[in-house]
Amino acid sequence: MQHRQLLLIPLVLVWATCAVAQTNAKVLVSDLTRIKQVGGIQLSPKSAPSQLQALYTLTTTEPTPDQPLEYDYRTHIYLTNGQPGDSKALTRGAESARQPVWSPDGKQIAFVRSVRGKSQVFVMPVSGGEAYQLTSLAYGAGSPVFSPDGKRILFSSSVSFTELMADTTLNPGRGGPLWSLEKPGMTTADLLPKKDAPKANPDGSLAEIRAYLAKDVADNKAKVITRLNFQGESTTEPVMSFAHLYVIEVREGAVPKAITRGFASYQAAVWLPNGQAVLAVTDRDPANHPDREVDNAIVAVSTDVPGLVTPVLSEAGKSFGAPNPSPNGQKLAYLVGNSRGVGFSSLALADLNGTTVSNAKQIAFDRAAGNLVWANVPEAKAARGAKKAPTSSAGELVVYFTASADGGIPLFRLNTRTNAIDRLTTPESGVTSFDVNGTELVFAKTEVADPSALYTASPDATSSRKIASPNADWLAGKTLSYPKKAVYINSKGQAVDYWIMKPANFAAGKTYPLVLNMHGGPTAMWGPGEPSMWHELQYLCAQGYGVVYANPRGSGGYGQAFQAANYRDWGTGPAEDVLAAATAAAREPWVDTTRQVITGGSYAGYLTAWIVAHDNRFKAAFAQRGVYDLTTFMGEGNAWGLVPNYFGLPWEPGTQAILDANSPYSFVQNIKTPLLIKHGENDLRTGIIQSEMMYKSLKVLGRPVEYVRMPGATHELSRTGNVRQRIDRLLRIYEFFERFVGENGALVK
C-alpha cells in the first residue's frame, strides 16, 4: 500500500527553560509529596462581587505517623472571600473532609467525612461553630445536595446485594430482582432466604450442604462468581452493590428516608428547582442484568412517594447522563451518546416542564463535555466569527463546561438561546474545577508554571487574578522545563500534536538522552494543561533527559473521528504517530540519538511493547501495567469491554486474526531491547498475567528483561496509589534508563 510522505509542521509556542538564576534548583522525586491540589470549588448562592464567598478543597500528601517513608492523602475544606491570601481552613485533622456544598441561604455547608470506615454527611454553620454528624447510616452516605428550600439534603448510599436482600425498606417483601442471577440450574426464587433455613451440615441433606456452602462464602472461604463484571480495581467482586438515594431533614437526630427501591443504581442525582423530585441516571431496562445493560436513562424520582420513578429521557442504544436543570426549571442540560462502540457523549439541551422534556437536541461540539454548570450572565459573548446578538437586560442563560481539547482542559460557555459556544481559556492550561454565577468565576488551574492554583475572574474568564497558590513555597527557585509544541500530518491526513521538552538545566553544546513518553487510555490526552503528568515530566527533565510526548490517533481531545481512528489498529497507526514525534525530536541538535529510551503505562504499556517488537532505535524500554495479548485480556481485566468495542469478539468471523495481529505478544520473539516490566499485584483493570506472559516468554528467549511486581498496588498506582510506590516507580524509570543511556556509571554502552 502506498503511503503519503509525512509532513512535519513545527508550531513553536514556547521553547524555554524557566529558572531562578540564584538557586537553579531541580524538581526532586520527593516533590511528589509536596504537590497540593485545589478542587471541589463551590460559590456561595449569596455571593456577589462585593461579598464573594467560595468553598474549595485542598488535597495534600502528609507523612504517616510512626511509619517512616509512608504517606497519607488528606483533603480539607477551605473558605475564601476572593482576596489573595485570605483562605481559611474550615476543617482539619487526620480525617479528610470532602464534597462540600452550600445551603441555599449561604449560612451552612454540608460535607462528607468517614466515621468508623463509612462516609457520613456532616453539617457546619459557616459563621462558626462545630460541625455535627447528620447521617449515621450503616451503608454510609455521600454526594450530599441541599434541597432548593434548604430544609432537606439528598444523598447517596452504596448497598450490597446481600444487604439489599435483607432490607425491608429498599426491598419491600425481601424479594429478588427482575433479572436472573444467572446461577446455572437455579432460579432467583431458589436463592431467596427461607424462613426456616436449614443448619449448615457438610454431611447432611442437600439443603444442609447448600447452607454449609453458603456459610463458606459468608466466611470468605470461597467466592462464587456468576456475574459478568466481577472484577473490581483491586479484588474480585462476586457480590454486586447498588447506589440508592435518600433524603433527610437538616436537623440533628433526623432520620433519613429512602426514595429509591429495588435492585438498581441511581447516580448523578440533582434536585429539580421546585424541590418536588430529583433527577438521576439509572439502567434503562430494570429487567436486564446490570452487568449486561449498557443503556442508561435519566429518570425523575419522587421525594414524596418512595420508589416512584418516571422516565425522562430514554432510548434504546443510547446512554444519557449528567442531568442538570436550569435554575428556573425550564431547560435541561445533559450528555447523550451511543452505548456501544468507540466515541464519547455529546452535550445536549431540552426544554423542561416539570419532569417532561421536549425539543431535545444535541449541540454541535466535537469534544467530550463535562462538569456542566448553569449561570445567568449579563451578556454572553458571541462565538468566534459569529455576529453578537442583542441581549436582554435579564442577561443570557448559559451553560459552562470543561472539555479535554488540544492538550489542555479549557473552560467553555454555551449560549442556550443561540447554541453558540465560546472557548474561554486556552489549551495551554487546564481548568480542573470551577463554579460561576452571574458576576464571578472561580476556578482551579494547572499549567507548567504551577500544578494547581486558585483564581477568580469575570464571567468570560478575563481579568483573572490568582487568590491562592498552595504550591508557591516549594516551587520557588525550581528550574522548570517548558514544552515546545509541534504538529505533523500522519498517513491518514490527520494533524497530530506533539511536544518536546529540553532537560531542565540545559547547556548549549551538550547532548542529552531522549525519552519517548506515551499516554494510555487509549483515549487519554496529554499536553501542557493536563495535570496528571506534571511531576513525572518535570522530574525526568530535571534528571537530564529530554522528553517528547504526542497525542496519536485514538487520543481524546480532538473529536470523534480522531478518537475512532485507531479502530482495529492499536499498534501500527498509533506507533507511526508517536515514532514520527520521536524522529522529529531526535533532530534537535541537543539530542544524542544513540541514547533514546521509551516508556508508557496501561495502553501505552501495550504500545511500548509493540514498538520495541517492531523498532530497534531505543536502548531501553519500560512497559507499565500494560496489555500484551488481547484475547487473554478478555478474561483478565475489568476493562475487557475495549476488546469488543475496538476489535469485536474472538469467536466472530475474522476477529481472532485481527486480535493476534494487534497483540504485542504475537511478536515477542522480535523484542531485543532491554525491557523493564511493571505491574501492580492487585491490578484487575488490565490484569497481571499480561505482564507475566511477556516476562516469562522473554526469559525463555534469553532476552534482557526485568519484572517488578508492586504488592497491593492497583492500576492507579502512578496517579493515586501508595505514595512510596509512586516514588519507587519514578526512581525505577530513571535507574533502569541510566543503566543503558546514563552519562555516568552506565552498566551498558
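Residues numbered from 1 in each chain as written. Predicted model: local features only at pLDDT ≥ 70, side-chain atom pairs only at ≥ 80, totals over all residues. Heavy atoms only, no water.

- The protein goes by Prolyl oligopeptidase family serine peptidase in an unreviewed UniProt entry, where it is assigned to Fibrivirga algicola.

**Points about the confidence of the model for the protein**
Move 1: Of all residues in the protein, 93% have pLDDT values of 70 or greater, and the mean over the chain is 91.
Move 2: In this model residues 1-22 is a low-confidence stretch, pLDDT under 50, and it forms 51 contacts with partners more than four residues away in sequence or in other chains.
Move 3: Predicted confidence is poor over residues 380-393, with pLDDT under 50, and the contacts of this stretch with residues over four places away or in other chains come to 22 contacts. (pLDDT = per-residue confidence, 0-100. Contact = heavy atoms within 4.5 Å.)

**Focus on the packing of helix 7 (residues 572-586) against helix 8 (residues 603-612)**
Move 1: Relative orientation of the contacting elements helix 7 and helix 8 amounts to 85°, with a least axis distance of 10 Å. The pairing of helix 7 with helix 8 is recorded here as roughly perpendicular in orientation. Note on element contacts: helix 8 touches helix 7 through Tyr 603, Leu 607, Trp 610 and Ile 611, opposite Thr 572, Pro 574, Ala 575, Val 578 and Leu 579.
Move 2: Taken together, the residues of the contact of helix 7 with helix 8 break down into eight nonpolar, one polar and no charged. (Axes fitted to C-alpha atoms, helices over the stretch in contact; angles between N-to-C directions. Helix = DSSP H or I, 4+ residues; strand = E, 2+ residues; numbered from the N terminus. Parallel < 35°, antiparallel > 145°, perpendicular 65-115°, else oblique. Nonpolar A, V, L, I, M, F, W, Y, C, P; charged D, E, K, R; others polar.)

**A few points about the sheet that holds strand 4 (residues 54-63)**
Move 1: Taken together, four strands build an open sheet; the order of strands is 3-4-5-6 and the sheet is antiparallel. Edge positions in the sheet fall to strand 3 (37-43) and strand 6 (88-89), since each of these pairs with one other strand and no more.
Move 2: Note: strand 5 (residues 71-80) against strand 6, two bridges, orientation antiparallel. Paired with Leu 79 across the two strands is Lys 88, which belongs to strand 6. (Pairing = 2+ DSSP bridges.)

**Examining the UniProt feature "domain: Peptidase S9 prolyl oligopeptidase catalytic" (unreviewed entry) in the protein**
Move 1: Here, the residues flagged by UniProt with the feature "domain: Peptidase S9 prolyl oligopeptidase catalytic" (unreviewed entry) are residues 534-742.
Move 2: When the span residues 534-742 is considered, its composition is 44% helix and 16% strand, and the gap between its end C-alpha atoms is 23 Å. (UniProt positions renumbered as here; feature names shortened; annotations may be inferred.)

**Describing the pattern of salt bridges**
Move 1: All chains considered together, the criterion is met by 26 salt bridges.
Move 2: Of the charged contacts in the structure, one is a salt bridge between Glu 447 and Lys 445, with a shortest N-O distance of 3.9 Å.
Move 3: In this structure, the salt-bridge partner of Asp 728 is Arg 732, at a minimum N-O distance of 2.5 Å. Taken as a pair, Asp 728 and Arg 732 lie in helix 14 (residues 723-741) at a separation of four residues, close to a single helical turn.
Move 4: Relative accessible area serves as the criterion here: at 23%, Asp 728 is assigned to the partly exposed category.
Move 5: We classify Arg 732 as partly exposed; its relative accessible area is 33%.
Move 6: Because the salt bridges share partners, they merge into one network encompassing Asp 31, Arg 34 and Lys 478. (Salt bridge = Lys/Arg side-chain N within 4 Å of Asp/Glu carboxyl O. Buried < 20%, exposed > 50% of the residue type's maximum accessible area, 1.4 Å probe, protein only.)

**Considering helix 5 (residues 534-542)**
Move 1: Among the nine residues of helix 5, nine are classified as buried, and the element is accordingly described as predominantly covered.
Move 2: Among the residues trailing helix 5, Gly 544 stands out with phi positive, at a value near 95°.

**Topic: the nonpolar core**
Move 1: Of all hydrophobic cores here, the largest spans 90 residues; its most connected members are Tyr 498, Leu 516, Ile 611 and Phe 737.
Move 2: The element best represented in this core is helix 7, accounting for nine residues.
Move 3: Ignoring any residue separated from it by four or fewer positions in sequence, one finds Leu 516 in contact with Val 548, Val 578, Leu 579, Ala 582, Val 597, Ile 598, Thr 599 and Phe 618.
Move 4: Phe 161, Leu 170, Met 240 and Phe 242 belong to the second-largest nonpolar core, a separate cluster that totals 28 residues. (Core = buried A, V, L, I, M, F, W, Y, C linked by side-chain atoms within 4.5 Å.)

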